[in-house]
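Below are the chains, spelled out letter by letter.
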Amino acid sequence: MHAKIIDGKQIAEEMRADLSQEIEALRQSGVTPGLAVVLVGEDPASQVYVRMKGKACEKIGIYSETIKLPEETTEEGLLAEIDRLNNDEKIHGFLVQLPLPKQINSRNVLLAIMPEKDVDGFHPVNVGKIAAGDTTGFPPATPFGVQQMLIRSGVEISGAHAVIVGRSNIVGKPMASLLVQKADGANATTTICHSRTKNLPEITRQGDILIAAMGVPEFVKADMIKPGAVVIDVGTNRVDDPSTEKGYRLVGDVDFEKAKEVASAITPVPGGVGPMTITMLLYNTVQAAKQWAGA
Ligand code: NDP
């Protein structure tokens, strides 16, 4: 079997085209969605992500602010900035880029963000809303993007057994929360696996939809996949590759070359889940602006 490749870049572009129309309609009614990103310190990877988020906003017509704070910022100082953003009418959603310097407790920071502006979806109020199927909550971008990829690729989710490998709060757990809901684009039977799961291959082989979010390069082999399954690879891992200019390449958690002979559809890395993540952040920001405007 030759699996269909689920093209995250293309789906992300389609979603951004739809979103830009919504943004234009909001602007016509006097509301420009606004997103702020707070960056504390000089972490190089974070700087790249923050720049990408700002550019994506600019391209689509979302007002954006990047707030750069020095590495030595105190927790109090950051909380004061969050308080300002909670009360800033131009900003409908914001996030604090992780990781934070060690003098700052990231849980205190997360709890200080007003849930209505928590477009990353990590505040306990949003976690609870997603678990309860309350559509006013903001789902975390990565699992939300995976759900949209499944829906937009025409994958039958209802009644399917979705097996998720990974139980993190940012991917695995919210992924299961989204897919198990009694709702359109959901109604799956869900199983979450992790490093203590016994007989992992036996369970992954039951998945009509298999979602790998472990952070272990090419861990999921072809014989762990049910023939005809839809495979979504969230993993983004750098592996050394002296033959490339950068000296490394990106691989997923799935052995892509072999897996595509068994699966009916599969996401590549890069070009799969990755491009969806920022798109879903933009999507959540637009929803936040709509909720704020009562639209
Ligand atoms: P975490 O490290 O927080 O979680 C990894 C999970 O995988 C844990 O639950 C862990 O189990 C489980 N796991 C690890 N090894 C095994 C194993 N051998 N067998 C079974 N389960 C295992 O990672 P994240 O959820 O943050 O990220 C997962 C991957 O997704 C990473 O590669 C990350 O880079 C990528 N990612 C990609 C994004 C994108 O935009 N494309 C966004 C976010 C993440 P346990 O809990 O028992 O330790």
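All values reported here derive from a predicted model rather than from experimental measurement.

**Points about a nonpolar patch on the surface**
Consideration 1: Among the surface-exposed residues, Val-48, Tyr-49 and Met-52 lie close enough to one another that they form a single nonpolar patch of about 270 Å² accessible area.
Consideration 2: Tracing the chain through its elements places Met-52 in helix H2 (residues 44-60).

**Side note on the packing of aromatic side chains**
Consideration 1: The tally for this structure, following the rule as stated, stands at one aromatic pair.
Consideration 2: A centroid spacing of 5.5 Å and a plane angle of 80 degrees characterise the contact between Phe-144 and Tyr-283, whose relative ring orientation is edge-to-face. In this pair, Phe-144 sits in helix H6 (residues 141-152) while Tyr-283 sits in helix H10 (residues 274-293), placing the two residues 139 residues apart along the sequence.
Consideration 3: The class of Phe-144 is buried, set by a relative accessible area of 9%.
Consideration 4: You can call Tyr-283 partly exposed: its relative accessible area is 24%.

**Brief notes about the sheet that holds strand E6 (residues 189-193)**
Consideration 1: Judged by pairing direction, the sheet is parallel, and its six strands sit side by side in the order E1-E11-E8-E7-E5-E6 without closing on themselves. A strand with exactly one partner marks an edge of an open sheet, and here the two such strands are strand E1 (4-5) and E6.
Consideration 2: Where strand E7 (residues 209-212) meets strand E8 (residues 230-233), four bridges bridge the pair, whose relative direction is parallel. Residue pairing in the sheet places Ile-209 in a bridge with Val-230 of E8.
Consideration 3: Lying over the sheet, helix H7 (residues 172-180) contacts strand E5 (161-165), E6 and E7, oriented at roughly 170 degrees with respect to E6.

**Brief notes about the domain arrangement of the protein chain**
Consideration 1: When cut into domains, the protein chain gives domain 1 (31-114) and domain 2 (140-274).
Consideration 2: Taking only C-alpha atoms into account, the centre of domain 1 sits 29 Å from that of domain 2.

**Considering the site of the ligand**
Consideration 1: Residues in contact with the ligand amount to 22 residues; listed here are only the nearest, Arg-167, Ser-168, Ser-195, Thr-236 and Thr-277.
Consideration 2: A distance of 2.5 Å separates an oxygen atom of the ligand from a polar side-chain atom of Ser-168.
Consideration 3: The contact in question runs from an oxygen atom of the ligand to an N or O atom on the backbone of Thr-236, over 3.1 Å.
Consideration 4: Contact with the protein chains hides 68% of the accessible area of the ligand, taken as 930 Å² for the molecule alone.

**Concerning a negative patch on the surface**
Consideration 1: Side chains of Glu-42, Asp-43, Glu-71 and Glu-72 sit close together on the surface and give a patch of like negative charge.
Consideration 2: On the secondary structure map, Glu-42 appears in the loop between strand E2 (34-40) and H2.
Consideration 3: On the basis of relative accessibility, which here comes to 54%, the residue Glu-42 falls in the exposed class.

**Brief notes about the sheet that holds E2**
Consideration 1: Pairing in this open sheet of three strands is parallel, and the strands run E3-E2-E4 from one edge to the other. At either end of the open sheet lies a strand with only one pairing partner, and these are strand E3 (63-69) and strand E4 (93-96). Shown here is a sheet whose adjacent strand axes are inclined to one another by a mean of 15 degrees, direction ignored.
Consideration 2: H2 rests against E2, E3 and E4 of the sheet, and its axis sits at about 165 degrees to E2.

**With respect to the pairing of E7**
Consideration 1: Neither face of E7 is left uncovered, since the one carrying Ile-209 and Ile-211 and the one carrying Leu-210 and Ala-212 both have all their residues buried.
Consideration 2: Here E5 runs beside E7; their pairing, made up of four bridges, is parallel. Across the sheet, residue Val-165 finds its bridge partner in E7, namely Ala-212.

**What to know about the side chain of Gln-147**
Consideration 1: Note that Gln-147 resides in helix H6.
Consideration 2: Among residues more than four places away in sequence, those in contact with Gln-147 are Met-175, Leu-178, Leu-179, Gly-185 and Ala-186.

**Remarks on H6**
Consideration 1: The terminal C-alpha atoms of H6, which comprises 12 residues, lie 16 Å apart, in line with the 16 Å expected from a rise of 1.5 Å per residue.
Consideration 2: Along H6, 10 of the 12 residues are buried, which leaves the element largely enclosed by surrounding structure.
Consideration 3: Three or more residues of H6 are buried, namely Ala-141, Thr-142, Pro-143, Phe-144, Gly-145, Val-146, Gln-147, Gln-148, Met-149 and Leu-150.
Consideration 4: Tucked into the core, H6 has its buried residues touching helix H1 (8-28), H7, E7, E8 and H10.
Consideration 5: Following H6 by one or two positions, Gly-154 adopts a phi angle in the positive range, close to 75 degrees.

What counts and what doesn't
- Residues numbered from 1 in each chain as written.
- Predicted model: local features only at pLDDT ≥ 70, side-chain atom pairs only at ≥ 80, totals over all residues.
- Heavy atoms only, no water.
- Patch = residues over 30% accessible without salt bridge, like charges linked within 9 Å, V, L, I, M, F, W, Y side chains within 5 Å.
- Areas by Shrake-Rupley, 256 points an atom, 1.4 Å probe, with all protein chains shown as cover.
- Salt bridge = Lys/Arg side-chain N within 4 Å of Asp/Glu carboxyl O.
- Helix = DSSP H or I, 4+ residues; strand = E, 2+ residues; numbered from the N terminus.
- Phe/Tyr/Trp six-rings, centres within 6.5 Å; stacked < 30°, edge-to-face > 60°.
- Buried < 20%, exposed > 50% of the residue type's maximum accessible area, 1.4 Å probe, protein only.
- Pairing = 2+ DSSP bridges.
- Contact = heavy atoms within 4.5 Å.
- Axes fitted to C-alpha atoms, helices over the stretch in contact; angles between N-to-C directions.
- Domains from an automatic or database assignment.
- Near = heavy atom within 4 Å.
- Polar contact = N/O pair within 3.5 Å; in protein donor to acceptor, adjacent residues only side chain to side chain.
- Lys, Arg positive; Asp, Glu negative; His and termini not counted.
- Charge placed at Lys NZ, Arg CZ, Asp CG, Glu CD.
- Expected span 1.5 Å × (residues − 1).

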